[in-house]
Amino acid sequence: MKKRYAISFTLILIFLALLVLVNLMTGSVHLKISDFFSLSQNEALRRVILDIRLPRILAAIILGGALSVSGFLLQTFFANPIAGPFVLGISSGAKLFVAMTMIFFLNAGIMISSIAMVCAAFIGSLIAMGIVLLLSLRVRNMSVLVVCGILVGYICSAVTDFFVTFANDSNIVNLHNWSLGSFSGTSWKDILIMAVLVFTALTFSIFLSKPIGAFLLGENYARNMGVNIKALRIALIVISTLLSGCVTAFAGPISFVGIAVPHLIKSLTKTAKPLVLIPGCFLGGGAITLFCDGIARSVFAPTELSISTVTAFFLVPVVISMMVRKNGGSKNA
């Protein structure tokens, strides 16, 4: 089994390394490998690579990985294979509060900081998660709960549209560009903030691997193993909310990465061990998001597609296939 893990992680890392190289070389300015050896002599080329493309690549990897790990934690918490930040309305809650914060600050003539965006997204995510949790107390059917989460997302999106309608023209442009979902314009300062937040949350989630593994085998089993279920659930909520909120704050809403990637990694590694799946989801989410971002910015260049448009195109079939296979298996059983 360890051999399979090693092969799986090696394949993901090779795929990720190739994607980084391709994304560095492609764009409005196409580069050759030989160009990388002349960076010290070409200021314009150095700016394109170091100030524009490399921060965007790192943002796609870090935030894509964060979204995937958040999805895995939510699927564990709700014991539902299609639970995820986008489906449960958590991303929409973050989007609503970020939009409100942007409008308030921009109307006051104040430039909003990255930390303020993350705080707003975290609060919005927590509120949306709280609503879903309250509904879960009344709705025991997980399929109905997911539908309720989708409806919460629609309400948040409707309220967001309401605020955008009455915002100033300049604010609407900023909100529109952000709400489409994109990694463009990422700075090294943004990379530092998102890296600290995401890797801190990722470290805590890895430390929780054993309790999560016990929780996956049932609450009674986890209690007998000495797991504090209440504390674990709070930790799962806070970590998954922080991760998804961070993604929304820096890149806007990104769809289906949090649902599809954990299933792809489970299929690749053939395991349910959190100690394997958490880093696997991070690397896999980063690779798939970087792949989709490369398509979003290059296929119809200079026009750039929304990252959610591309992720939905490639990952919705994965989710449908997973659901059909799961329901088919249970029917045959």
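Model, not experiment: these values are computed from the prediction.

K.L.:
Hey, could you run me through the side chain of Thr271 in this one?
P.N.:
By secondary structure assignment, the location of Thr271 is in the loop between α11 (257-269) and α12 (274-298). Side-chain polar atoms of Thr271 contact the backbone nitrogen of Lys273, separated by 3.1 Å. What Thr271 contacts, discounting residues up to four positions off in sequence, is Met1, Tyr5, Lys266, Val276 and Leu277.

K.L.:
Which parts of the structure should I look at to understand the pattern of salt bridges?
P.N.:
Pairing between side chains of opposite charge can happen when their charged atoms approach one another. One pass over the full model with this rule turns up 6 salt bridges. Here Glu43 makes a salt bridge to Arg46, at a shortest N to O gap of 2.1 Å. Of the two residues, Glu43 and Arg46 both sit in helix α2 (residues 43-78), 3 residues apart, roughly one turn of that helix. Glu43 sits in the partly exposed class, given a relative accessible area of 44%. Ionic contacts of the salt-bridge type, sharing partners, join the residues Arg56, Asp293 and Glu304 into one network.

K.L.:
Please explain the environment of Ala128 as it appears in this structure.
P.N.:
Topologically, Ala128 is positioned in helix α4 (residues 114-138). The exposure class assigned to Ala128 is buried, which follows from its relative accessible area of 1%. Apart from the residues lying within four places of it in its own chain, the contact partners of Ala128 are Gly89, Ile90 and Gly93.

K.L.:
For this particular structure, what's the right way to read the packing of α2 against helix α10 (residues 229-251)?
P.N.:
Between α2 and α10, the shortest axis-to-axis distance is 9 Å and the interhelical angle comes to 150 degrees. Classified by the angle between their axes, α2 and α10 sit roughly antiparallel to one another. As for the relative orientation of α2 and α10, their crossing is left-handed in sense. Taking contact as the criterion, the partners of Leu63, Ala66, Leu67, Val69, Ser70, Leu73, Leu74 and Phe77 in α2 are, on α10, Arg233, Leu236, Ile237, Ile239, Ser240, Leu243, Ser244, Cys246, Val247, Phe250 and Ala251.

K.L.:
Teacher, can you tell me more about the environment of Asn80 here?
P.N.:
Following the sequence through the fold, Asn80 ends up in the loop between α2 and α3 (90-107). Each C-alpha atom of the pair Asn80 and Ser143 lies 8.2 Å from the other, and the pair is 63 residues apart in sequence. Among the polar contacts listed, one links the side chain of Asn80 to the backbone nitrogen of Ile82, at a separation of 3.0 Å.

K.L.:
What am I meant to see in unusual backbone geometry here?
P.N.:
Where the residue is not glycine, phi is negative for most of them; where a peptide bond is considered, it is trans in most cases. Phi is positive for Phe256, close to 70 degrees, though the residue is something other than glycine. Relative to the helices and strands, Phe256 resides in the loop between α10 and α11.

K.L.:
Would you mind going over helix α7 (residues 188-207) with me for this structure?
P.N.:
End to end, α7 covers 28 Å across 20 residues, agreeing with the expected 28 Å (1.5 Å per residue, within 8%). On the buried face of α7, the contacting elements are α2, α4, α8 (209-216), α10 and α12.

Each value, and the rule that gives it
- Residues numbered from 1 in each chain as written.
- Predicted model: local features only at pLDDT ≥ 70, side-chain atom pairs only at ≥ 80, totals over all residues.
- Heavy atoms only, no water.
- Helix = DSSP H or I, 4+ residues; strand = E, 2+ residues; numbered from the N terminus.
- Polar contact = N/O pair within 3.5 Å; in protein donor to acceptor, adjacent residues only side chain to side chain.
- Contact = heavy atoms within 4.5 Å.
- Salt bridge = Lys/Arg side-chain N within 4 Å of Asp/Glu carboxyl O.
- Buried < 20%, exposed > 50% of the residue type's maximum accessible area, 1.4 Å probe, protein only.
- Axes fitted to C-alpha atoms, helices over the stretch in contact; angles between N-to-C directions.
- Parallel < 35°, antiparallel > 145°, perpendicular 65-115°, else oblique.
- Left-handed = near helix turned anticlockwise from the far one by under 90°.
- Expected span 1.5 Å × (residues − 1).

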